[in-house]
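Listed below, chain by chain, are the residues.
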Protein chains: 2
Amino acid sequence: MNRSNGSPSGRSITRDGSGGSGGTGAPAPAAASDFLQLNTADAPRGGLADWLARQIRRAVARGLLPVGSRLPATRVLAAELGVSRGVVTEAYRRLTEDGHVAGRGRGGTVVVAAPLGRPAPEAGDSSRAGSEPGPLSGEPGRAGGEPGPAGAADRGLFADPDATDVFDALRAAPARIDLSPGLPDLAAFPRAAWLRAERAVLAALAPSDFGYGDPRGTPALRRAVGRWLARNRGIAVDPEDVLIVAGTAQALGLLAILLRAEGITEVALEDPSSLGLRQHLHNAGLATPPVPVDAHGVRVDALRATGAPAVLLTPARQFPTGVVLDGARRRALADWATREGGLVIEDDYDAEHRYDRPPVPALRSTLPDHVAYAGSVSKLLAPALRVGWLLAPRRHHGALVDAKRFADLGNAALPQLVLAHLMESGGLERHLRFLRRRHRVRRDTMIEAIRTRLPGAVVHGAAAGLHLMVTFDAATAARTPDDTALATAALERGVKVQPLSWHTQRPHGPGLVLGYAASTPTDIAEGVGVLGELVG
Amino acid sequence: MNRSNGSPSGRSITRDGSGGSGGTGAPAPAAASDFLQLNTADAPRGGLADWLARQIRRAVARGLLPVGSRLPATRVLAAELGVSRGVVTEAYRRLTEDGHVAGRGRGGTVVVAAPLGRPAPEAGDSSRAGSEPGPLSGEPGRAGGEPGPAGAADRGLFADPDATDVFDALRAAPARIDLSPGLPDLAAFPRAAWLRAERAVLAALAPSDFGYGDPRGTPALRRAVGRWLARNRGIAVDPEDVLIVAGTAQALGLLAILLRAEGITEVALEDPSSLGLRQHLHNAGLATPPVPVDAHGVRVDALRATGAPAVLLTPARQFPTGVVLDGARRRALADWATREGGLVIEDDYDAEHRYDRPPVPALRSTLPDHVAYAGSVSKLLAPALRVGWLLAPRRHHGALVDAKRFADLGNAALPQLVLAHLMESGGLERHLRFLRRRHRVRRDTMIEAIRTRLPGAVVHGAAAGLHLMVTFDAATAARTPDDTALATAALERGVKVQPLSWHTQRPHGPGLVLGYAASTPTDIAEGVGVLGELVG
């Protein structure tokens, strides 16, 4: 990713009206706000800061503000737009919160990431004929020209492609080497096996199978998931109690409907934990009191102290630390759940990827009346399949089925049946074994690269999963106190990583979350090398 | 479907503890409420009627209360349960509203339909081992043991498998001949073409295509849908403004989020219109003031009089009447939308199925800034695919993309790409031509059968679509004033049809909605014959 080499003034932002791909461009002679093509008369009454933040996001998405470019100083932009400086400050604050920009001290406010670019519409596209030209429709997350519903504007644009797949559709700017966590080796997707299974499924279907199905999912997949969870996660579940959903994101959304209907306004969250999860819960109107995590897992005493009636956990492998919830904490959690009637949402996002021994059984296996368990194939096969499952305490099952029915009438039937075929034929387990071997090589490559190229780093959570967390020893941390700045600098060198601070709610030392499963060993070594050079 | 031949007393309900499939069974010697295995101590505080209604629904779903069986008299059940008679009356009222039971005068309260049965879990199912036995988990729509969120209990269980695909996952009891509206000929699903397209798609995919995608849908499908709508519906749309969704049900759900966020609490509905749509809007917290439909379409003067800021319409072919919105009404509607800032939600559910001439262009084609247009492949290919599209006025697009992202991060990629391939290769248009020929034969068969076997019926909406609406001439209507009773009697003879009264909000003469597309000519003729015998 190129970095704008503009002047040191606030006017260094490139203007690239040609629709180019965010190249450097010459310093614009025009006013600092020109790139935004702003007209405050378009702004809605009472929402200037929102509106401004949105315009800037859009400019970032369109490549008019490439990563590395500086935003105008607040007083400069305020003067040019004829608005108060507070409006601009507030807009910048929102952009900082959602990860678009970062303060760089004397360096000003700098664009640190953009939503994934998309190709410009084809000139000869017949479907464009007669429609309005859409210069403002370039941003995936927010293409409209007016404000969305209340609250929409302060949602982060940043995906956390990890602990669950919440928000993962939005990714940061493309990078030469992408070490974001949360993806399995996508090149290994079993295309031939998938197609064979689909052929078998299509040959066996009755016409009525093409009609409206059971909103809970096809019986075949619910049975297959039940057996899969029994074999792999120690969970005994009646297939009748399995709800097939469109990934963990939807599972959380359905649970949020249930919780809100019960008057629940808080879901405690591990700290650190996935930014994406937090954003999703906030979007659903739920506060997320943070609960510290230590070497034994989540601190149940601290959970109790929050008074929250529900908690979202990653017990098998805490995201992003990799800590396994130990026996004593499990017992304490069971005590909390049964005495206080607390609900645990168990996000079992990558437990199957364990390299040393079988994974610990899911919490759900021992607390079926208190745990809503969510899993998906996003880390087993591919996020693009959008298939997951939700097992709720039986008292909530009916309400969740209702919510799923109203959401979309149930997942599509064909992919469910193909997946069931792969699960029941042993094809999915074979694929998982294959993935584990590949992932293990990549993990070892990353650990070795960190040992040799990033010696100040401390590795966490290497026994399982698709990513490592690193923190820094005291000397390195003192040199690199700001992990967002480190991630930004890495992105400018073409290497994408996630700063630990994205995933924390309370103050925390610097760190990084580094995915290895989806990158080749060569890229992993080179990417870690770049980090080593930056940390120095 | 067998009918219970129990005694004339309130104790005629069969008890079928063997888990049989809802056969007749002998009159139970036990108390009337035995079949429910009720323990009022399980009931939640303050929700007895809800709870009782749910228990009865469950018993219906499990086959313990077969269609045709009578519920205990309210005073008998109240005495046995030790609750007030008002509780039982209220529970029965809810069951009546959602279509499970119907009052039969001196015949008492009779079960008239059940949700689709599903196979009992296999005895040897390993996934069942160790889980709790699930005698109460038998109902697809409501398997939990405790009340769902507020409002859930009064949602109808009845699917309206029509105008949109809302709620269609829940169907009434299976019938020998199913003339419910809303399904195309599912036996004609182009399995071979689908598999060929999927092979081509899989061969061409990049690994990153298996990752998290654009929440708006794959660019390939958005382009293909844009061209499809240009060719078939007269709509010019930038592919950037197309949002791929999981069917019309999801489109409505996303729109409801938008509307609620804007403070809108009412969406006017045509009367008659789909029961499923109405239930969906009610679930979303939106009231649905009814607007009459006449031979020219929806009465725009009456719409204006409601004061509602939004209206849901089926302009190309009004459901269920089949009326096409005429030019004068379109102009009046445009005037309403532009002057009052009204939003039209256009449900274009089956416009492609027209037998006499090309369908009228969508309303969206002339009012892009005021129409949110929803379509799907449910009537073109199969509901089980769960793919549809939503084109919103540009000012709403960003908020809807946000809502889609939070809902499920976007539709699954593979089926989108396969569908795009079928659309762009001409395969879908070929399939549609093939379907039209088959459907036309079936329609003609139904019209002829009605002419000869149901001479008191008046046919509406025969020029297009997948169903007919029939009303009755004065003499026949006088003999058959209650169309729900007629549908119930037909179901007892193995023929499923929908009474017009399901789809009306204001008083209306009797009628039926009869789907023909998914049934063979033989079944159509026989089914109409049964109706003819019942009408007499």
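Everything in this summary refers to the structure shown in the same document. (Residues numbered from 1 in each chain as written. Chains lettered and ligands numbered in written order. Predicted model: local features only at pLDDT ≥ 70, side-chain atom pairs only at ≥ 80, totals over all residues. Heavy atoms only, no water.)

**Focus: the side chain of E346 of chain A**
Residue and element names in this part refer to chain A. How we decide: Secondary structure elements are defined from DSSP: runs of H or I of at least 4 residues count as helices, runs of E of at least 2 residues count as strands, and each element is numbered from the N terminus. Residue burial is assigned from relative accessible area. The probe radius is 1.4 Å, only protein chains are included, and a residue is buried under 20% of its type maximum, exposed over 50%, and partly exposed in between. His is not counted here, nor are the chain ends, while Lys and Arg score as positive and Asp and Glu score as negative. Each salt bridge in this description consists of a side-chain nitrogen of Lys or Arg and a carboxyl oxygen of Asp or Glu lying within 4 Å of one another. We define a polar contact as two N or O atoms separated by no more than 3.5 Å, with the added condition that, inside protein, one atom must be a possible hydrogen donor and the other a possible acceptor, whereas residues neighbouring each other in sequence contribute only through side-chain atom pairs. The contact definition used throughout considers only heavy atoms, calling two residues in contact when any of these lie within 4.5 Å.
Along the chain, the position of E346 falls in strand β9 (residues 343-347). Lacking a salt bridge, the buried E346 has R233 as its closest oppositely charged neighbour, with an N-O distance of 5.0 Å. Among the polar contacts made by the side chain of E346, one reaches the main-chain amide nitrogen of L363 at a distance of 2.7 Å. Other than its neighbours up to four places away in sequence, E346 contacts L313, P315, A362, L363, R364, V371, A372, Y373 and A374.

**Remarks on a positive patch on the surface**
All names here are of chain A. What counts, and what does not: Patches were defined on residues exceeding 30% relative accessible area and lacking a salt bridge, with like-charge contacts within 9 Å and nonpolar side-chain contacts (Val, Leu, Ile, Met, Phe, Trp, Tyr) within 5 Å. Surface accessibility in these figures is a Shrake-Rupley result with a 1.4 Å probe; residues are shielded only by whichever protein chains are displayed. Charge positions come from single atoms, namely NZ of Lys, CZ of Arg, CG of Asp or CD of Glu.
A contiguous patch of positive charge on the surface is contributed by R196, R430, R433 and R437. A per-element tally of the positive patch places helix α12 (residues 427-453) first, with three residues. Assignment of secondary structure puts R430 in helix α12.

**What about the sheet that holds strand β10 (residues 371-376) of chain B?**
Residues and elements named next belong to chain B. For clarity, the threshold we go by: Two strands form a pair only when DSSP identifies at least two bridges running between them.
Ordered in space as β4-β11-β10-β9-β8-β5-β6-β7, the eight strands form an open sheet in which the pairing is mixed. Among the strands making up the open sheet, the edge pair consists of β4 (242-245) and β7 (297-298). Judged from the four bridges that link them, β4 and strand β11 (residues 388-391) form a sheet pairing that is antiparallel. Following the sheet pairing, L243 is matched in β11 by L390.

**Things to note about the packing of helix α4 (residues 191-204) of chain A against helix α4 (residues 191-204) of chain B**
Rules: For every element, the axis is a line fit to its C-alpha atoms; helices are fit only across the contacting stretch, and the angle between N-to-C directions ranges from 0 to 180 degrees. Note that the term roughly parallel is reserved for angles under 35 degrees, roughly antiparallel for angles over 145, roughly perpendicular for angles of 65 to 115, and oblique for everything else. Lys, Arg, Asp and Glu make up the charged group, whereas Ala, Val, Leu, Ile, Met, Phe, Trp, Tyr, Cys and Pro make up the nonpolar group; the residues left over, Gly among them, are polar.
Between α4 of chain A and α4 of chain B, the least distance of the axes is 11 Å, while the angle of their chain directions is 175°. The orientation of α4 of chain A with respect to α4 of chain B, classified from their angle, is roughly antiparallel. Residues R191, W194, L195, E198, R199, L202 and A203 of chain A of α4 of chain A lie in contact with α4 of chain B, whose contacting residues are R191, W194, L195, E198, R199, L202 and A203 of chain B. Considering only residue class, the contact of α4 of chain A with α4 of chain B consists of eight nonpolar, no polar and six charged.

**A few points about the packing of aromatic side chains**
This is how it is decided: Pairing of aromatic rings covers Phe, Tyr and Trp, the last counted by its six-membered ring, and requires centre-to-centre distances within 6.5 Å; plane angles under 30 degrees mean stacked, over 60 mean edge-to-face, and any other angle means tilted. Think of it as a cone above the ring: NZ of Lys or CZ of Arg counts as a charge over the ring if it is within 6 Å of the ring centre and within 35 degrees of the ring normal.
Counted under the stated rule, the structure contains six aromatic pairs over all chains. Here the aromatic rings of F189 of chain A and F210 of chain B are separated by 4.1 Å at their centres, their planes lie at 20°, and the arrangement is stacked. Of this pair, F189 of chain A sits in the loop between β3 (177-178) and α4 while F210 of chain B sits in the loop between α4 and α5 (219-233), each in a different chain. Exposure remark for F189 of chain A: the relative accessible area of 4% places this residue in the buried category. Members of the aromatic cluster, connected to one another through ring pairs, are F189 and W194 of chain A together with F210 of chain B. Between R405 of chain A and the ring centre of F406 of chain A, over which it is positioned, the NZ or CZ distance is 5.7 Å.

**Let's talk about the pattern of salt bridges**
All names here are of chain A. Evaluated as defined, the whole model comprises 52 salt bridges over all chains. Measuring nitrogen to oxygen at the nearest pair gives 3.1 Å for the salt bridge that ties R299 to D301. Here R299 falls in the partly exposed class, since its relative accessible area comes to 29%. The partner of E448 in a salt bridge is R451, with the nearest N and O atoms 2.7 Å apart. With E448 and R451 both in helix α12, this residue pair falls three residues apart, about one helical turn. Taking the relative accessible area as the measure of exposure, E448 reaches 36% and is therefore partly exposed. A relative accessible area of 57% means that R451 is categorised as exposed. What you see here is one network of salt bridges that share partners, running through D214, R216, R222 and E240.

**Re helix α11 (residues 413-424) of chain A**
Residue and element names in this part refer to chain A. Cut-off, in case you're wondering: One less than the residue count of a helix, multiplied by 1.5 Å, gives the span that helix is expected to have.
When the terminal C-alpha atoms of α11 are compared, their 16 Å separation across 12 residues agrees well with the 16 Å that a helix rising 1.5 Å per residue should span. Counting buried positions over the 12 residues of α11 gives 10, a clear majority of the element. Directly after α11, the chain includes G426, whose backbone phi takes a positive value near 90°.

**Quick look at the pairing of strand β13 (residues 467-472) of chain A**
All names here are of chain A. Burial within β13 is extensive, with six of its six residues counted as buried. Taking every second residue as pointing to the same face, both faces of β13 are buried, with H467, M469 and T471 on one and L468, V470 and F472 on the other. The loop that links strand β12 (residues 457-460) with its antiparallel partner β13 comprises six residues; one of these, G461, has a positive phi angle of about 70°. Where β13 and strand β16 (residues 511-515) come together, five bridges link them in antiparallel fashion. When the bridges of β16 are listed, L468 appears paired with L514.

**Side note on the environment of T89 of chain A**
With respect to the helices and strands, the residue T89 of chain A is situated in helix α3 (residues 85-97). Placed 11 residues apart in sequence, T89 of chain A and A78 of chain A show a C-alpha to C-alpha distance of 9.0 Å.

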